[in-house]
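Examination of the molecular architecture
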Amino acid sequence: IILRVATTDRLSFISERFNQTLKDIFFILTLSLIIWILWKVSDLSAEWYAEKQASLGREEIKPVIQMVSKFIQVLTGIVGITILLSYFGVNVTSLTTALGIGGLAISLAAKDTVSDAISGIIILVDQPFRVGDRIEIQGANTWGDVTDIGLRTTRIRTRDNRMVIVPNSIIGNNQVINYT
């Protein structure tokens, strides 16, 4: 605020309209710089934490770190756009309400996918099993060697060389026996 006053008050020889335009441009540039800095801090933090987890042998958590980083970046962008719109006099209350209702509708429509993703995050963070472990999922009546753990599904190769793709929500809702 001090910089805005100091930069535009000295320009008393220009019209009020041009002075307001300069204030608006300064506000947009300042907000853009802050959003860009927060965006880069999120990227650098995610890279640092991913490298730290990789050095500890937990590379499976990298997709979770990337997802959280992208979520923070999107949230930063939404907050920045909201601040920008409110600065120019747009009523953001109705926009926020519409986004909330739209988010609720999307989450209800994609509840199985969201459930799989949340279960996948829990599996990647908690690590009840890892790639290469021999596990049995009692509710799914399947067992074999884990070949891949994703955010939505886990792939298990059975003893008769079949690939079974199990949604992570099924794994999260059933008892898992890790024979390894």
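Above this text you will find the structure in question.
Here goes a summary of the coordinates provided. (Residues numbered from 1 in each chain as written. Predicted model: local features only at pLDDT ≥ 70, side-chain atom pairs only at ≥ 80, totals over all residues. Heavy atoms only, no water.)

Secondary structure assignment for the protein yields 6 helices and 5 strands. Helices (α) and strands (β) of the protein occur, in sequence order from the N terminus, as α-α-α-α-α-β-β-β-β-α-β. Computed over C-alpha atoms, the radius of gyration of the protein comes to 25 Å, more than 25% over the 16 Å expected from 2.2 N^0.38 for 180 residues, which places it beyond the range of a compact globule. The dimensions of the protein, computed from C-alpha atoms along their principal axes, are 85 × 40 × 20 Å. When burial is assessed residue by residue, the protein has 25% of its 180 residues classed as buried. By sequence separation, contacts in the protein at least 24 residues apart represent 50% of the contacts at least 6 residues apart. On the protein, roughly 12,200 Å² of surface is accessible, and the fraction owed to carbon and sulfur atoms is 64%. (Helix = DSSP H or I, 4+ residues; strand = E, 2+ residues; numbered from the N terminus. Rg over C-alpha atoms; globule rule 2.2 N^0.38 Å. Buried < 20%, exposed > 50% of the residue type's maximum accessible area, 1.4 Å probe, protein only. Contact = heavy atoms within 4.5 Å. Areas by Shrake-Rupley, 256 points an atom, 1.4 Å probe, with all protein chains shown as cover.)

Attention shifts here to the packing of aromatic side chains. The final tally for this structure, using the stated rule, is 3 aromatic pairs. Centroid distance Y87 to F88: 5.1 Å. Interplanar angle 85°. Geometry classified as edge-to-face. Among the aromatic residues, ring-to-ring pairing joins F27, Y87 and F88 into one connected group. (Phe/Tyr/Trp six-rings, centres within 6.5 Å; stacked < 30°, edge-to-face > 60°.)

Attention now goes to the packing of helix 2 (residues 16–55) against helix 3 (residues 62–87). The N-to-C vectors of helix 2 and helix 3 enclose an angle of 170°; their axes lie 9 Å apart at closest approach. Comparing the axis directions of helix 2 and helix 3 gives the class roughly antiparallel. Per-class residue counts for the contact of helix 2 with helix 3 are 14 nonpolar, 7 polar and 4 charged. (Axes fitted to C-alpha atoms, helices over the stretch in contact; angles between N-to-C directions. Parallel < 35°, antiparallel > 145°, perpendicular 65-115°, else oblique. Nonpolar A, V, L, I, M, F, W, Y, C, P; charged D, E, K, R; others polar.)

Another aspect to go through is helix 3. Note that an α-helix has 3.6 residues per turn; residues three or four places apart therefore point the same way. Here helix 3 contains 26 residues, and its C-alpha end-to-end distance of 37 Å stays within 8% of the 38 Å for a straight helix at 1.5 Å per residue. Taken together, the buried residues of helix 3 touch helix 2 and helix 5 (111–126). (Expected span 1.5 Å × (residues − 1).)

Another aspect to go through is a nonpolar patch on the surface. On the surface, a cluster of nonpolar side chains totalling about 520 Å² of accessible area is made up of V68, F71, I72, L75, V79 and I83. Looking at the element boundaries, L75 is found in helix 3. Overall, the relative accessible area of 45% leaves L75 in the partly exposed class. (Patch = residues over 30% accessible without salt bridge, like charges linked within 9 Å, V, L, I, M, F, W, Y side chains within 5 Å. Salt bridge = Lys/Arg side-chain N within 4 Å of Asp/Glu carboxyl O.)

Residue placement: D133 occurs in the loop between helix 5 and strand 1 (134–137). It turns out D133 is buried and unbridged, and the closest side chain with the opposite charge, R130, is 6.0 Å from it. Those residues in contact with D133 that lie beyond four places of it in its chain are G144, D145, V146, N178 and T180. (Lys, Arg positive; Asp, Glu negative; His and termini not counted.)

Our focus in this paragraph is the pairing of strand 2 (residues 142–149). Two elements, strand 1 and strand 2, share 4 bridges in a ladder whose sense is antiparallel. Across the sheet, R134 pairs through a bridge with D145, a residue of strand 2. Between the antiparallel neighbours strand 1 and strand 2 lie 4 residues, among them N141 with a positive phi of about 55°. Across 4 bridges, the pairing between strand 2 and strand 3 (residues 153–157) is antiparallel. (Pairing = 2+ DSSP bridges.)

Bringing the pairing of strand 3 into the picture now. Looking down a regular strand, the side chains alternate between one sheet face and the other. Taken together, strand 2 and the strand that follows it, strand 3, pair antiparallel across an intervening segment of 3 residues. As defined by bridge partners, strand 3 adjoins strand 4 (residues 163–167) across 5 bridges and the pair is classed as antiparallel. Across the sheet, residue I156 finds its bridge partner in strand 4, namely V164. Between strand 3 and strand 4, which pair antiparallel one after the other, the connecting turn spans 5 residues, and N161 there sits at a positive phi close to 65°.

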